Amino acid sequence: MAVKNLPREELVRPGSGGCPGCPSSLALRVTLKALGKNTVFAIPACCAVVCLGAYPKTAFDVPVVSIAFEASAAAASGLAAGLKRLGKQDTNVVVWAGDGGTYDIGLQALSGAVERETDFIYICYNNEMYSNTGIQRSGATPYGAWTTTTWTGKTEQKKDMPAILRAHGLPYMATAVPGYPEDLFRKVRKAMSIRGSKYIEILAPCPPGWRFPMDKTVEMSKLAVDTGAWALYEYENGQLNFNLKSKSILEKKTEPKPIEEYLKLQGRFAHLFKPDRNEQVLDEIQQRSLADWERFRKQVECGVA
Amino acid sequence: MKMQVKAVISRPADGVMGKTGAWRDFRPELDSSKCIKCLLCWIFCPDGCIKRADDDSVSIDYVYCKGCGICANECPKQAITMKREGMGE
Ligand code: SF4
Ligand code: SF4
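Fair warning: this is a prediction, and the values are worked out from it, not measured in the lab.

**Thoughts on the overall build of chain B**
Reasoning step 1: Scanning chain B from N- to C-terminus turns up 2 helices and 5 strands.
Reasoning step 2: The C-alpha atoms of chain B give a radius of gyration of 18 Å, which is well past the 12 Å a tight globule of 89 residues would have.
Reasoning step 3: When its C-alpha atoms are laid out on the principal axes, chain B stretches across 70 × 30 × 20 Å.
Reasoning step 4: Within chain B, the proportion of its 89 residues that are buried is 40%.
Reasoning step 5: Look at the contacts in chain B between residues 6 or more apart in sequence, and 66% of them connect residues 24 or more apart.
Reasoning step 6: Carbon and sulfur atoms make up 53% of the accessible area of chain B, which totals about 5400 Å².
Reasoning step 7: Positive and negative side-chain charges in chain B, numbering 14 and 12 respectively, have mean positions lying 8 Å apart.

**A closer look at the packing of helix H3 (residues 72-85) of chain A against helix H5 (residues 107-115) of chain A**
Residues and elements named next belong to chain A.
Reasoning step 1: Between H3 and H5, the shortest axis-to-axis distance is 7 Å and the interhelical angle comes to 35°. For the pair H3 and H5, contact is made by Ala 73, Ala 74 and Ser 77 and by Ala 109, Leu 110 and Ala 113, respectively.
Reasoning step 2: For the contact of H3 with H5, the per-class residue count stands at 5 nonpolar, 1 polar and no charged.

**Looking at the interface of chain B and chain A**
Reasoning step 1: Each partner contributes residues to the interface: chain B has 39 residues there, and chain A has 42 residues.
Reasoning step 2: Buried area between chain B and chain A, summed over both chains or domains, comes out near 3100 Å², and the portion from carbon and sulfur atoms is 57%.
Reasoning step 3: Of all residues in chain B, Val 16, Ile 43 and Phe 44 of chain B give up the largest surface area on contact with chain A, accounting jointly for 19% of the area buried on that side.
Reasoning step 4: Linking chain B with chain A are 3 salt bridges.
Reasoning step 5: Linking Asp 14 of chain B and Arg 13 of chain A is a salt bridge whose minimum nitrogen-to-oxygen distance equals 3.1 Å.

**Examining the nonpolar core**
Reasoning step 1: The biggest cluster of nonpolar side chains holds 55 residues, and the ones touching the most others in it are Leu 32, Phe 41, Phe 60, Trp 96, Ile 200 and Ile 202 of chain A together with Ile 50 of chain B.
Reasoning step 2: Counting residues per element, this core draws most heavily on helix H1 (residues 23-35) of chain A, at 7 residues.
Reasoning step 3: Core analysis: the next-biggest nonpolar cluster, separate from the first, contains 33 residues, Ala 113, Leu 165, Tyr 199 and Tyr 235 of chain A among them.

**Examining the pairing of strand E4 (residues 92-98) of chain A**
Residues and elements named next belong to chain A.
Reasoning step 1: E4 sits mainly inside the fold: 7 of its 7 residues count as buried.
Reasoning step 2: Alignment of strand E1 (residues 39-43) against E4, held across 4 bridges, turns out to be parallel. By the bridge assignment for E4, Thr 39 is matched with Asn 92.
Reasoning step 3: Bridge count between E4 and strand E5 (residues 120-126): 5 bridges; the pairing is parallel. Within the sheet, the bridge partner assigned to Val 94 lies in E5 and is Ile 121.

**A look at the pairing of strand E6 (residues 172-176) of chain A**
The side chains of a regular strand alternate between the sheet's two faces.
Residues and elements named next belong to chain A.
Reasoning step 1: The buried count for E6 comes to 5 of 5 residues, which makes it a mostly enclosed element.
Reasoning step 2: Side chains Tyr 172, Ala 174 and Ala 176 of E6 all project onto a buried face; the interleaved residues Met 173 and Thr 175 project onto the opposite face, where all are buried too.
Reasoning step 3: As paired elements, E6 and strand E7 (residues 197-203) share 5 bridges and run parallel to each other. Opposite Tyr 172, over in E7, you have Lys 198 as the bridge partner.
Reasoning step 4: At this point the chain moves from E6, through helix H7 (residues 181-192), to the parallel E7, and the crossover so formed is right-handed.

**Side note on the site of ligand 2**
Reasoning step 1: Looking at ligand 2, the residues that line it are Leu 30, Cys 35, Ile 36, Lys 37, Cys 38, Leu 39, Cys 41, Cys 75, Pro 76, Ala 79 and Ile 80 of chain B.
Reasoning step 2: The class makeup of the residues in the shell around ligand 2 is 10 nonpolar, no polar and 1 charged.

**Description of the sheet that holds E6 of chain A**
All names here are of chain A.
Reasoning step 1: Reading across from one edge, E3-E1-E4-E5-E7-E6-E8-E9 is the order of the 8 strands in this open sheet, with mixed pairing throughout. Sheet topology places strand E3 (64-66) and strand E9 (239-242) at the edges, where each strand pairs with a single neighbour. The average undirected angle you get between the axes of adjacent strands in this sheet is 15°.
Reasoning step 2: As paired strands, E1 and E3 are joined by 3 bridges and run parallel to one another. Within the sheet, the bridge partner assigned to Ala 42 lies in E3 and is Val 65.
Reasoning step 3: This element, H1, spans E1, E4, E5 and E7 of the sheet and lies at about 170° to E4.
Reasoning step 4: Contacting E1, E3, E4 and E5, H3 runs over the sheet at an angle of about 175° to E4.

**Focus on the packing of aromatic side chains**
Residues and elements named next belong to chain A.
Reasoning step 1: What the rule picks out here adds up to 12 aromatic pairs over all chains.
Reasoning step 2: Ring centres of Tyr 233 and Phe 296 lie 5.6 Å apart, and the angle between their planes is 55°; this geometry places the pair in the tilted category. Remark: Phe 296 occurs in helix H12 (residues 279-302) and Tyr 233 occurs in strand E8 (residues 233-236); sequence separation between them is 63 residues. For the residue pair Tyr 233 and Phe 296, the accessibility class agrees, reading buried in each case.
Reasoning step 3: A centroid spacing of 5.5 Å and a plane angle of 75° characterise the contact between Trp 293 and Phe 296, whose relative ring orientation is edge-to-face. You can see Trp 293 and its partner Phe 296 sitting in helix H12, 3 residues apart, about one turn around the helix.
Reasoning step 4: Aromatic ring contacts, followed pair by pair, group Tyr 233, Phe 242, Trp 293 and Phe 296 into a single cluster.
Reasoning step 5: Lying across the ring of Tyr 180, Lys 222 places its NZ or CZ 5.6 Å from the centre.

Reading the values: the criteria
- Residues numbered from 1 in each chain as written.
- Chains lettered and ligands numbered in written order.
- Predicted model: local features only at pLDDT ≥ 70, side-chain atom pairs only at ≥ 80, totals over all residues.
- Heavy atoms only, no water.
- Helix = DSSP H or I, 4+ residues; strand = E, 2+ residues; numbered from the N terminus.
- Rg over C-alpha atoms; globule rule 2.2 N^0.38 Å.
- Buried < 20%, exposed > 50% of the residue type's maximum accessible area, 1.4 Å probe, protein only.
- Contact = heavy atoms within 4.5 Å.
- Areas by Shrake-Rupley, 256 points an atom, 1.4 Å probe, with all protein chains shown as cover.
- Lys, Arg positive; Asp, Glu negative; His and termini not counted.
- Charge placed at Lys NZ, Arg CZ, Asp CG, Glu CD.
- Axes fitted to C-alpha atoms, helices over the stretch in contact; angles between N-to-C directions.
- Nonpolar A, V, L, I, M, F, W, Y, C, P; charged D, E, K, R; others polar.
- Buried area = accessible area lost by both parts, 1.4 Å probe.
- Salt bridge = Lys/Arg side-chain N within 4 Å of Asp/Glu carboxyl O.
- Core = buried A, V, L, I, M, F, W, Y, C linked by side-chain atoms within 4.5 Å.
- Pairing = 2+ DSSP bridges.
- Right-handed = clockwise from strand over helix to strand, strands pointing away.
- Near = heavy atom within 4 Å.
- Phe/Tyr/Trp six-rings, centres within 6.5 Å; stacked < 30°, edge-to-face > 60°.
- Lys NZ or Arg CZ within 6 Å of the ring centre and 35° of its normal.

This is a description of form; function is not addressed.
Written out as structure tokens, the structure is:
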């Protein structure tokens, strides 16, 4: 779908609390264009709840349950059950949560909701850290990245949350970036068309947290795809399908750009370049990424995910 | 006994954080003569501050535009440029 054909309807009001250049706000606008007005959100503690604004006003034109950090998927379960009881199963029940509320604090409720086959869409906008509390490491923070709690660079790898979700046997999951809004739009619409638990994870390059200029949010998200640091794919009927540039990287039609090109634009990786290049860590990050792609290729080849 | 249900409910409004245009250091300025109506600025503005008219021409909502510069960065025709706020004409 071309940009021109995306709905005009705006369901987030201007003047929200989001930082300038916020990837979550951007992705949320596109997501709501896909979802439309017949939607109810559950949002845990995260940047998006700050964007909402404070009582008695909200920037969202759809109902939102603001809920505790760990509880968004549990709230969504209740909403889905209640709406079913009222015969309103056509209403989209959606969680919009950060990676802290997904990978770490909300994992238990999410796992339970998916296991119960709750009819909802769980969307994680993944800025790879606890941004609004002041940039602490999360389970999604990549290896080598600076945060205020990993100030010499994170020494552990991020967890593979999408794989954890797939292990639940859910009917649909997808990844997206703000830089490809038509792709995100299509995936949200796809998720809406399927009954059961759906998971979408959106990479959210955060200018203040990742330390890059705020006009580069879209560019950074595309660079993540071009360098293979982020893979765009869908998972349906037990199969992985790659999209856009990630498809040609998977099929070896395009070489991913060196991952360095992505890292060096982010202040959170500056210590890997100055005062001296940390060849060891840079190489580890590159090799790990290439290994991830090899694994993806094998998964596609063997039809396992 | 009749149970009372009480919840704190906020209502939708523009400018929940005030007139966020005041956050701007740089202001996007549009040269409509260069615009090809591709709508990339419209879809990429995180704050919905690029207004899309019926004929798909665009304009900027300076009351709430936060001055991030994404629109200028993404415009394929360089129709939007960022100008320092308050530095004369
Ligand atoms: S500068 Fe940022 S907030 Fe202002 S119109 Fe452009 S994209 Fe939107
Ligand atoms: S991105 Fe540039 S060319 Fe496209 S609609 Fe906006 S101002 Fe016009």
